[in-house]
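Commentary on secondary and tertiary structure
If you want the building blocks of each chain, they are given just below.
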Amino acid sequence: MAVGKSVKRIDAVAKVTGRARYTEDFFEPDMLTAKYVRSTIAHGRVTAVNTDKARQIEGVEAVFTYEDVPQTTFATAGHPMALSEVHKDVEDRLLLTRDVRFMGDEIAIVVARNELAASEAAGLVEVEYETYDPLIDPEDILAQDARPIHEGRSNIVGEHNYTFGGDVDQAFDQADHVVEGRFATAMVQHCQLENHIAHAYMDDLDKIVIVSSTQIPHIARRIVGEALGMPLSRIRVIKPFLGGGFGNKQDVVLEPMVAFLTLKLNGRAVQINMTREECMLCTRNRHPFYIDVKTGVMNDGTLVARDMDAISITGAYASHGHAIAAAGGSKQSSLYPKAATRFHARTLYANIPVAGAMRAYGTPQVIYALECATEDAARKIGMDPVEFRLKNVARQGDINLLSNKEILSCGLVECLERGRDFIDWNRKKKDYEQFKTGPIRKGLGVACLSYASGTYPVCVEIAGSRIALNQDGTVHVLVGATEIGQGSDTVVAQMVAQTLSFPYEDVLVVQAQDTDVTPFDTGAYASRQAYVVSNAVFKAANQLRDRILAHAGIMTDEDPKHLDIVNARIVDNRTSEAVMDMKTLAIDSFYHKERGGQLTAEISYKTTTNAPVFGCTFVDVTVDIPLCKITVNQIINVHDSGVIINPVQAAGQVHGGAFMGLGAALSEEFLIDPESGYVYNNNLLDYKFPTFTDVPPLNHDFVETFEPTSGYGNKALGEPPVVSPPPAIRNAVLDATGICINTLPMSPHTLFSAFKSHGFLDGKGGQHV
Amino acid sequence: MTDQVLKQITFTINGVKRSLAIDIRKSLAEVLRQDLGLTGLKQGCGVGECGACSIMVDDVLVDSCIFLAVWADNAAIRTVEGEARDGKLSKVQQAYVDEGAVQCGYCTPGFIMATTAFVEQCEGKTVSDDEIRKAHAGNLCRCTGYQHIFNAVEKSMTPDDPMPGQDDHPNQES
Ligand code: FES
Ligand code: FES
């Protein structure tokens, strides 16, 4: 049995030896380098560009400006094509722009024989602007007379409403208590270790090859076609090993430009390799949210009503913007399915960097506000916050009232119980009573989450798998599922090994995506990969199994129903005796002159279900009031993600997510100048994502349920772990200090203001506590 | 390229002596990747923030992106490519594989070198958890939360298995 075991990652050896090749490790002879000329203001219009000096630099081959690019706007979001108008992505981007919408916008591009020349020349392109006041604050953006950031479009990119669970106003009227809160989250960045990079060349008169670090090769292919007005079949996207994405590469960022450049430069190879500073400023990041929440609660602890009003800032371009708030808001219905709930969100353009998809896609912001508000409601009625959640969270058999689907697997109650035991909640709650005054305070916190296993029914969920028997009795698997570091190739191999009854080592997965070769799949996002590929793989592996047995039947003159595969051998299932090994069968199928053929199976499958997943975080914190510092002493994430295919890899996903959640909770934020739109910290020194010394030991546990809509009982896991740590920490700080810190991150800066306004500090370095 | 920017330097790279004319403006990371095709080391920032480009120069761990290639004249350089020998992973590499310390793998070559340098320096000593964390604080990883890397470092420091060949993470059918 390969499923459920911590087999070694299929690519681990390639990676520890440095032999795994990433996009930067492929070069074409004579490859050119391109550098963007970026705006130095956040809002304006270019009145003149002078490229003369740049063109004189030795080694410069070409300079293009906004005047040279196709004038059709295109959408960059890595979504499957939407056949309905409602779900269509916003087409608001050109390859280069004359209208400047954030500091770093792309006005021109220089192509040179080497990086030095390209950088030097890019710095010599002279740009003159007509400038406008940057629109950064939601109030200014929404003002009647605010300048439209995109001409002809409202500054409101999208607006979403949901109501479920009955009459919300009536539920509030009947509630014993109504608790209100206002919350804000910061713009944070993915900081995947490999910056965005791509190159393109032409290997025929009309055929472009793009090698790119992308999570969405098949979608990138389509969008490049749309951006350049070329048929999709003339574009080939190759995705080598990928140094992380977290959603930042679920967007088409560089591919259309490198394709455009190679077209213009006679098919020569052109690369764009972003610097870290560029990558942080000019790709995508997480939408900051401002959220008002109202919660209606009864004295007995029943959550009866919820109203949430959110503003989400998508920055200069829509990217995924219109979909993020909607997706985040929708997770409430599977977490607290019984309360009458209303959700309203508006997504706004602003003259700040572009927000897009980032791990858990709007859910961290919404669940942060929701779980803080839930805590406040529990405190209002004096109920233990774990008991309060146990009383109100989803259970198996509940109906998700937004999708009107039954929740078929749900282990959230057990997740909460296990987390509570692990953190030793009841004992510590008492022990920490003595740490509620004075400079050092201690507290416990909890928060829950719910997430989905894909995007259906908003988007199509399609996955493909092809499996072929090799001459040596092993199999090669091709999937469109995109390995980006999360480990999908490994779990695919485990699934195939399980169904074929092959040793895991005998299942090889083609470890690069090539849109000319690999089956269609929309890529790595929405934690969908293992869930949606599971059905395609299950069906393909069963099909191949039948074909292998059929061939064994021909070879042995037996009815295939008496034959079976056990550990890669053909076995007579009446006697359990081995009939032949897989290699013998394979050789016969390939080389017998009259019978057989290469044994393969191929399935393209659409998943029309979307299993909710659940989890929670428990934390134990110390708050040092004079230092304005939160120390997380202990943290555990407990998840219900269905059957865990590979426990060690799954643990890695949980740790990585919890770590990112810790960063968002305590230290990570883009520092944006409110007047100019300048970002102060777009580098890894000043943007504080946790280092090895900043994280406590990370703990995890799984409550394994079996999800019947999945090929192997598994559900989503990649994104959910990032969601619940920030509210759990906020709730623990509240427990420790009695103060609601409703802004992320809870950095020393934020704590200082909060402690000062509560009279804990005198603002001159002294303390009153 | 003019002669002023070229300089002949000699060093050993993973035990092999090499002599080549390099552009004096290049970092060691660039020379190793571009001139010698040693693409194992990665660059996540190019300015000494992330540690993805970590290699060893005369047994000292350095960020090769901010180490000028000319400084490596007469030095002994070790990169990740030299760690696995005769088809066998080094103990550190094996520990990273066994402990699930690899996800996207972009930080991995740098971490392998950081751990290798640490293990070699600490041979025979007992080290604290804090020392492990501090010794790796110059290497950023955005995927793992460092937990499995921590486990791999610990495993790299344990005395050799008396029964080599035993596999404590079974991945066979059973
Ligand atoms: S690339 Fe050298 S430290 Fe980041
Ligand atoms: S494994 Fe991806 S950055 Fe470390």
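About the criteria used
Residues numbered from 1 in each chain as written. Chains lettered and ligands numbered in written order. Predicted model: local features only at pLDDT ≥ 70, side-chain atom pairs only at ≥ 80, totals over all residues. Heavy atoms only, no water. Helix = DSSP H or I, 4+ residues; strand = E, 2+ residues; numbered from the N terminus. Rg over C-alpha atoms; globule rule 2.2 N^0.38 Å. 1 Å grid on protein atoms, 1.4 Å probe; cavity = no way out; pocket = protein on both sides within 12 Å on 5 of 7 lines; lining within 4 Å. Points joined across faces, edges and corners; volume = space filled by probe spheres on them. Nonpolar A, V, L, I, M, F, W, Y, C, P; charged D, E, K, R; others polar. Salt bridge = Lys/Arg side-chain N within 4 Å of Asp/Glu carboxyl O. Buried < 20%, exposed > 50% of the residue type's maximum accessible area, 1.4 Å probe, protein only. Phe/Tyr/Trp six-rings, centres within 6.5 Å; stacked < 30°, edge-to-face > 60°. Lys NZ or Arg CZ within 6 Å of the ring centre and 35° of its normal. Core = buried A, V, L, I, M, F, W, Y, C linked by side-chain atoms within 4.5 Å. Contact = heavy atoms within 4.5 Å. Patch = residues over 30% accessible without salt bridge, like charges linked within 9 Å, V, L, I, M, F, W, Y side chains within 5 Å. Areas by Shrake-Rupley, 256 points an atom, 1.4 Å probe, with all protein chains shown as cover.

1. Re the overall build of chain B
- When helices and strands are counted, chain B shows 5 helices and 5 strands.
- Each helix (α) and strand (β) of chain B, taken in turn from the N terminus, gives the series β-β-α-β-β-β-α-α-α-α.
- Taking 16 Å as the expected radius of gyration for a compact globule of 174 residues, we find that chain B reaches 17 Å, a close match to that expectation.
- With the C-alpha coordinates aligned to their principal axes, the bounding extent of chain B is approximately 65 × 35 × 30 Å.

2. Thoughts on empty space enclosed by the protein
- According to the stated counting rule, one finds 8 cavities of 30 Å³ or more in the structure shown.
- Lining the largest cavity we find 19 residues, and of these A:Arg9, A:Val648, A:Gln649, B:Val97 and B:Gly100 sit closest to its centre.
- Broken down by element, the lining of the largest cavity gets its largest block of residues, 4 residues, from helix 18 (residues 647-666) of chain A.
- Split into classes, the residues belonging to the lining of the largest cavity amount to 7 nonpolar, 9 polar and 3 charged.

3. Looking at unusual backbone geometry
- Residue A:Pro457 follows A:Tyr456 across a cis peptide bond; omega there is 5°.
- Turning to its location among the elements, A:Pro457 is positioned in the loop between strand 18 (440-451) and strand 19 (462-469).
- Here A:Ser527, not a glycine, exhibits a phi torsion of approximately 50°, which is positive.
- Take A:Ser527: it is sitting in the loop between strand 22 (513-514) and helix 16 (529-556).
- A positive phi angle is found at B:Asn14, which is not glycine, with a value near 50°.
- The topology assignment puts B:Asn14 in the loop between strand 1 (6-13) and strand 2 (16-23).

4. Considering the pattern of salt bridges
All names here are of chain A.
- Counted according to the given criterion, the structure contains 59 salt bridges over all chains.
- With a closest N to O distance of 2.6 Å, Arg 9 and Asp 11 form a salt bridge.
- The class of Arg 9 is buried, set by a relative accessible area of 8%.
- On the basis of relative accessible area, Asp 11 is assigned to the buried category, the value being 0%.
- Between Arg 221 and Asp 516 there is a salt bridge, and its shortest N-O distance comes to 3.1 Å. Here the residue Arg 221 occupies a position in helix 6 (residues 217-228), and Asp 516 occupies one in the loop between strand 22 and helix 16, the gap between them amounting to 295 residues.
- Residue class for Asp 516 comes out partly exposed when judged on its relative accessible area of 36%.

5. What to know about the packing of aromatic side chains
- A full pass over the atoms with the stated rule returns 18 aromatic pairs over all chains.
- Taking the centre distance of 5.6 Å and the plane angle of 70° together, the rings of A:Phe64 and A:Phe260 count as edge-to-face. Residue A:Phe64 is found in strand 3 (residues 60-65), and its partner A:Phe260 is found in helix 7 (residues 255-264); the two are separated by 196 residues along the sequence.
- Measuring from centroid to centroid gives 5.9 Å for A:Phe183 and A:Tyr368, while their planes differ by 85°, and the two rings are edge-to-face. Residue A:Phe183 is located in strand 8 (residues 177-184), and its partner A:Tyr368 is located in helix 11 (residues 363-380); the two are separated by 185 residues in the primary sequence. Summarising the burial analysis for this pair, A:Phe183 and A:Tyr368 share the class buried.
- Taken together, the ring pairs connect A:Phe659, A:Phe689, A:Phe692, B:Phe111 and B:Tyr146 into an aromatic cluster.
- In this arrangement the basic side chain of A:Arg21 is found over the ring face of A:Phe26, its NZ or CZ atom lying 4.2 Å from the centre.
- Positioned over the ring face of A:Phe172 is A:Lys294, at 4.7 Å from the centre of the ring.

6. A closer look at the layout of surface pockets
- Of the volumes computed, that of the second largest pocket is approximately 1500 Å³.
- For the second largest pocket, the lining is made up of 44 residues, of which A:Asn114, A:Glu115, A:Leu116, B:Glu30 and B:Gln34 are closest to its centre.
- When residues in the lining of the second largest pocket are grouped by element, the largest group, 5 residues, is from helix 3 (residues 115-124) of chain A.
- In the lining of the second largest pocket, the residues fall into 15 nonpolar, 14 polar and 15 charged.

7. With respect to the nonpolar core
- In this structure, A:Ile729 and B:Tyr96 are the most contacted members of the largest nonpolar core, which totals 219 residues.
- Counting residues per element, this core draws most heavily on helix 11 of chain A, which supplies 9 residues.
- In this structure A:Ile729 touches A:Val619, A:Val621, A:Ile630, A:Val632, A:Leu662, A:Ala665, A:Leu666 and A:Met746, once residues within four positions along its chain are discounted.
- Listed in part, the 47 residues of the second largest apolar core include A:Val533, A:Ala568, A:Met582 and A:Tyr712.

8. Some words on a nonpolar patch on the surface
All names here are of chain A.
- A surface patch of nonpolar side chains, amounting to about 300 Å² of accessible area, comprises Leu 671, Tyr 678 and Tyr 680.
- Relative to the assigned elements, Leu 671 resides in the loop between helix 18 and strand 29 (699-702).
- Relative accessible area serves as the criterion here: at 38%, Leu 671 is assigned to the partly exposed category.

Interpretation note: all reported values are geometric properties and have no functional meaning in isolation.
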